[in-house]
Amino acid sequence: MIDTRTAPYAATVLRVALGLLFLAHAGLKLFVFTPAGTVQFFGSLGLPGPLAYLVILAEIIGGLALIAGIYSRVVALGLVPILLGAIVTVHGPAGFFFTNPNGGWEFLALWIVGLIAVTLLGDGAYALKPTPAATRPALAR
């Protein structure tokens, strides 16, 4: 049974935590690997280098939108392809467990589950701009 009194707060905790994770990963790309290093890494994977800038931008905007509760359902679903891309290009070959050499894909899979949960749960409490019913992903209707 879902406790309707606390469920909106649980959704908020999940959406804010996921948003902070995206900001942390964008910060890693900006301040540790640097944008140029991230572009070079994307190129080494056979991806177009400039795609790195789009991923960084999506992580920043998406992370901030999740934290603020701006169209959280749509944003959460829209960020899933970034994580799927990371699984396919980087972490998938390392196996499932994140403790494997080069990191596996278990963390990213859990992150995707969290994003899908936000898509299904909704924006939660304290959302600045909740997702209107007309623009909710079909998955959440």
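Throughout what follows, the structure given in this document is the object of discussion.

What counts and what doesn't
Residues numbered from 1 in each chain as written. Predicted model: local features only at pLDDT ≥ 70, side-chain atom pairs only at ≥ 80, totals over all residues. Heavy atoms only, no water. Helix = DSSP H or I, 4+ residues; strand = E, 2+ residues; numbered from the N terminus. Rg over C-alpha atoms; globule rule 2.2 N^0.38 Å. Buried < 20%, exposed > 50% of the residue type's maximum accessible area, 1.4 Å probe, protein only. Areas by Shrake-Rupley, 256 points an atom, 1.4 Å probe, with all protein chains shown as cover. Lys, Arg positive; Asp, Glu negative; His and termini not counted. Charge placed at Lys NZ, Arg CZ, Asp CG, Glu CD. Axes fitted to C-alpha atoms, helices over the stretch in contact; angles between N-to-C directions. Parallel < 35°, antiparallel > 145°, perpendicular 65-115°, else oblique. Left-handed = near helix turned anticlockwise from the far one by under 90°. Contact = heavy atoms within 4.5 Å. Nonpolar A, V, L, I, M, F, W, Y, C, P; charged D, E, K, R; others polar. Phe/Tyr/Trp six-rings, centres within 6.5 Å; stacked < 30°, edge-to-face > 60°. Salt bridge = Lys/Arg side-chain N within 4 Å of Asp/Glu carboxyl O. Arc of directions from axis to C-beta.

## As for the overall build of the protein
Then, in step 1: Looking only at helices and strands, the protein has 5 helices and 0 strands in total.
Then, in step 2: Of the regular secondary structure in the protein, the N- to C-terminal order runs α-α-α-α-α.
Then, in step 3: Against the 2.2 N^0.38 benchmark of 14 Å for 141 residues, the protein shows a C-alpha radius of gyration of 16 Å, consistent with a compact globule.
Then, in step 4: Principal-axis analysis of the C-alpha atoms places the extent of the protein at approximately 45 × 30 × 25 Å.
Then, in step 5: Looking at the protein residue by residue over its 141 residues, the buried ones come to 36%.
Then, in step 6: Of the roughly 7,900 Å² of accessible surface on the protein, 75% is carried by carbon and sulfur atoms.
Then, in step 7: Across the protein, the centroid of the 7 positively charged side chains sits 11 Å from that of the 4 negatively charged ones.

## Things to note about the packing of helix H3 (residues 51-68) against helix H4 (residues 72-91)
Then, in step 1: For the pair H3 and H4, interaxial distance at closest approach is 10 Å and the crossing angle is 150°. By the angle between their directions, the pair H3 and H4 is classed as roughly antiparallel. Seen along the crossing, H3 lies across H4 with a hand that is left-handed. Between H3 and H4, the residues in contact are Val55, Ala58, Glu59, Gly62, Ala65 and Leu66 and Ser72, Val75, Ala76, Leu79 and Ile82, respectively.
Then, in step 2: Here the residues of the contact of H3 with H4 are counted per class, giving 8 nonpolar, 2 polar and 1 charged.

## Quick look at the packing of aromatic side chains
Then, in step 1: Throughout the structure, instances matching the rule amount to 6 aromatic pairs.
Then, in step 2: Here the aromatic rings of Phe22 and Trp111 are separated by 4.6 Å at their centres, their planes lie at 45°, and the arrangement is tilted. Of this pair, Phe22 sits in helix H1 (residues 7-32) while Trp111 sits in helix H5 (residues 106-121), and the two are 89 residues apart along the sequence.
Then, in step 3: Classification of Phe22 as buried rests on a relative accessible area of 0%.
Then, in step 4: Given a relative accessible area of 4%, Trp111 falls into the buried group.
Then, in step 5: Site record: aromatic cluster; members linked through ring pairs are Phe22, Phe98, Phe107 and Trp111.

## Examining the pattern of salt bridges
When charged atoms on two side chains of opposite charge get close, those side chains can pair.
Then, in step 1: On inspection of all chains with the given rule, the structure shows 2 salt bridges.
Then, in step 2: A salt bridge links Asp3 to Arg5, with the shortest nitrogen-to-oxygen separation between them at 3.0 Å.
Then, in step 3: Where Glu59 meets Lys29, a salt bridge forms, and the shortest distance between an N and an O atom there is 3.0 Å. Taken as a pair, Glu59 in helix H3 and Lys29 in helix H1 lie far apart in primary sequence, 30 residues in all.

## Quick look at helix H2 (residues 35-44)
Then, in step 1: Residues Thr38, Val39 and Phe42 constitute the buried set of H2. The buried side chains of H2 occupy one side of the element, clustering within an arc of 100° when seen end-on. Exposed side chains of H2 directed beyond 90 degrees from the buried face belong to Ala36, Gln40 and Ser44.
Then, in step 2: Of the surrounding secondary structure, the elements contacted by the buried residues of H2 are H1 and H3.

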